[in-house]
Amino acid sequence: MDGDVPERRFLEPFAGKAVSPPPVWLMRQAGRYLPEYRQVRSEAGSFLKLCYTPRLAVEVTLQPIRRFGFDAAILFSDILVVPDALGQAVRFEEGEGPRLDPIRTLAELDRLALSNTATKFSLVCETVERLRRELPRETALIGFCGAPWTVATYVAEGRGSPDQSAARQWAYRDPDGFQRLITLLTDASIEYLSGQVRAGADALQIFDSWAGSLADDQFERWVIAPTAKIVREVRTRHPGVPIIGFPRGSAALLDGYIDRTSVDGVSCDTSCPLGLMQETARKGRVVQGNLDPLLLAAGGEALDRRVDDIRSAMHGLPFIFNLGHGIVPHTPPENVARLVGRLRAIS
């Protein structure tokens, strides 16, 4: 980082500092709850076109920064850019979410290749480059990818699912074959994240939204091992860039996840107790989370109380304020402004 760049508060906890008030950003801070986002989304025509059009992706990434002054912006994209770039057609059905042509056999897997990714990855990296130029200099920029396990659940199911059964059964039935898919997604994620850092990302987050659906022995193989490889390889190429893991639904396995993946920080979901977050942060690990997104949507005094409780519990520790998952679409923007104002007003 250049010496004349103002201190980016988001990065201070990764240097072992407890910051007061804590840095704040929110997962899915750019999205459907903002009317200006809906306008750009309409202009784009399709969700993936929005992700792959740097001018538009930059605009929607900047919108919540202009409104709320968050300490970090997160690249606007989607975790399914990786399988799409590898050659698995991805589309988003209005009101129904992502749809992919399912891949459940090695013959189908052979259609995907790391050599396919250059064009689409380069469009995302162009967005990162533009963002770093256009963001306020004190605002950190977060790049991201989906974790191999979570992305694999969509690759195998062809859509989101309540139990990730297609991927789980493939992993049980043919673990060596499933390992080929995980290895491909891991290698693609390493290249994807490395490109984002080269383009200007200050930090990275690995979203493992479906980590909590695995038994502990499966968690070790399909969550910890590939995440550890990503962290190791990206850190070798880009020393000093913080990497945050988000193993959603895995509070009981959090300590081992952090130790064995070597992530610099961990994002905690809403079900993760504040006591566990405190315990984790006291070990010198950066902790992020865990406000309930539905409480943010509800607002009012209950929101104020919980913001106060989280901030009080994590005071003096390396902590970044965030949600336990992404902002839900029906969240009133004024509730987000209330949260940020409350967090920064408390002495």
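Coordinates for the structure precede this section.
Criteria and cut-off values
- Residues numbered from 1 in each chain as written.
- Predicted model: local features only at pLDDT ≥ 70, side-chain atom pairs only at ≥ 80, totals over all residues.
- Heavy atoms only, no water.
- Helix = DSSP H or I, 4+ residues; strand = E, 2+ residues; numbered from the N terminus.
- Buried < 20%, exposed > 50% of the residue type's maximum accessible area, 1.4 Å probe, protein only.
- Polar contact = N/O pair within 3.5 Å; in protein donor to acceptor, adjacent residues only side chain to side chain.
- Contact = heavy atoms within 4.5 Å.
- Expected span 1.5 Å × (residues − 1).
- Arc of directions from axis to C-beta.
- Core = buried A, V, L, I, M, F, W, Y, C linked by side-chain atoms within 4.5 Å.
- Axes fitted to C-alpha atoms, helices over the stretch in contact; angles between N-to-C directions.
- Parallel < 35°, antiparallel > 145°, perpendicular 65-115°, else oblique.
- 1 Å grid on protein atoms, 1.4 Å probe; cavity = no way out; pocket = protein on both sides within 12 Å on 5 of 7 lines; lining within 4 Å.
- Points joined across faces, edges and corners; volume = space filled by probe spheres on them.
- Nonpolar A, V, L, I, M, F, W, Y, C, P; charged D, E, K, R; others polar.
- Phe/Tyr/Trp six-rings, centres within 6.5 Å; stacked < 30°, edge-to-face > 60°.
- Lys NZ or Arg CZ within 6 Å of the ring centre and 35° of its normal.
- Pairing = 2+ DSSP bridges.
- Right-handed = clockwise from strand over helix to strand, strands pointing away.
- Left-handed = near helix turned anticlockwise from the far one by under 90°.

(A) Structural context of the side chain of T331. Structurally, the position occupied by T331 is in the loop between β9 (319-323) and α15 (333-345). For T331, a relative accessible area of 2% corresponds to the buried category. A polar contact of 2.8 Å, which involves the side chain of T331, links it to the backbone oxygen of V328. Aside from chain neighbours lying at most four places away, what touches T331 is Y33, P293, L296, A297 and V336.

(B) Representation of α15 in the model. Across its 13 residues, α15 extends 18 Å between first and last C-alpha, which sits within 8% of the 18 Å expected from 1.5 Å per residue. Taken together, the buried positions of α15 are P333, N335, V336, L339, V340 and L343. End-on, the buried residues of α15 take up no more than an arc of 165 degrees, which puts them together on one face. Facing away from the buried surface of α15 by more than 90 degrees, the exposed residues are E334 and A345.

(C) Representation of the nonpolar core in the model. Formed by 121 residues in total, the largest nonpolar core has its most connected members in F10 and F178. The dominant element in this core, judged by the number of residues it contributes, is helix α9 (residues 175-199), at eleven residues.

(D) Local environment of the packing of helix α8 (residues 165-173) against α9. The contact between α8 and α9 brings their axes to 5 Å, and the two run at 125 degrees. Classified by the interaxial angle, the pair formed by α8 and α9 is oblique. In this structure, α8 contributes A167, W170, A171, Y172 and R173 to the contact, and α9 contributes P175, G177, F178 and L181.

(E) How the structure looks around empty space enclosed by the protein. Under the definition given, this model contains two cavities of 30 Å³ or more. For the largest cavity, the calculated volume is near 60 Å³. Its residues assigned to classes, the lining of the largest cavity comprises five nonpolar, three polar and one charged. One number sums up the size of the second largest cavity: a volume of about 50 Å³. Along the walls of the second largest cavity sit F246, P247, R248, S250, A251, L254, S267, C268, D269 and C272, which together make up its complete lining.

(F) Expanded view of the packing of aromatic side chains. Applying the stated rule across the entire model yields 13 aromatic pairs. Pairing F319 with F321 gives two aromatic rings, centres 6.1 Å apart and planes at 75 degrees, and the pair type is edge-to-face. Across this residue pair, the class does not change: F319 and F321 are buried. Taken together, the ring pairs connect Y37, F47, F76 and F92 into an aromatic cluster. We note R248 situated over the ring of W210; from NZ or CZ to the ring centre the distance is 5.6 Å.

(G) Quick peek at the side chain of S213. Relative to the helices and strands, S213 resides in the loop between β5 (203-208) and α10 (216-237). Accessibility expressed as a relative area gives 18% for S213, which makes it buried. Reaching out from S213, the side chain makes a polar contact with the backbone oxygen of W210 at a distance of 2.9 Å. Among all residues touching S213, those that are not within four sequence positions of it are W149, Q164 and R168.

(H) Region of the structure containing the pairing of strand β8 (residues 286-291). Counting buried positions over the six residues of β8 gives six, a clear majority of the element. Taken together, the four bridges between strand β7 (residues 265-268) and β8 define a ladder with parallel strand orientation. Note that in β8 the partner of V266 across the bridge is V287. Assessed by its sense of winding, the connection that carries the chain from β7 through helix α12 (residues 274-282) to β8 is right-handed.

(I) Summary view of the sheet that holds β7. Spatially, β1-β4-β5-β6-β7-β8-β9 is the arrangement adopted by the seven strands of the open sheet, whose pairing is parallel. In the strand order of this sheet, the two ends are held by β1 (72-74) and β9, each with one partner. For this sheet, the mean angle separating the axes of adjacent strands, direction not counted, is 25 degrees. Two strands pair when backbone bridges link them, and β8 and β9 are joined in this way by five bridges, in the parallel orientation. Each bridged residue has a counterpart across the sheet, and for Q288 the counterpart in β9 is I320. Sheet contacts for α9: β4 (140-146) and β5; angle to β4, the most-contacted strand, approximately 170 degrees.

(J) Geometry of the packing of helix α14 (residues 300-313) against α15. It is at 10 Å that the axes of α14 and α15 come closest, and there the two elements cross at 40 degrees. Accordingly, the angle class assigned to the pair α14 and α15 is oblique. For the pair α14 and α15, the crossing hand works out as right-handed. Here G300, E301, L303, D304, V307, D308 and R311 of α14 come into contact with α15, specifically with N335, R338, L339, R342 and L343.

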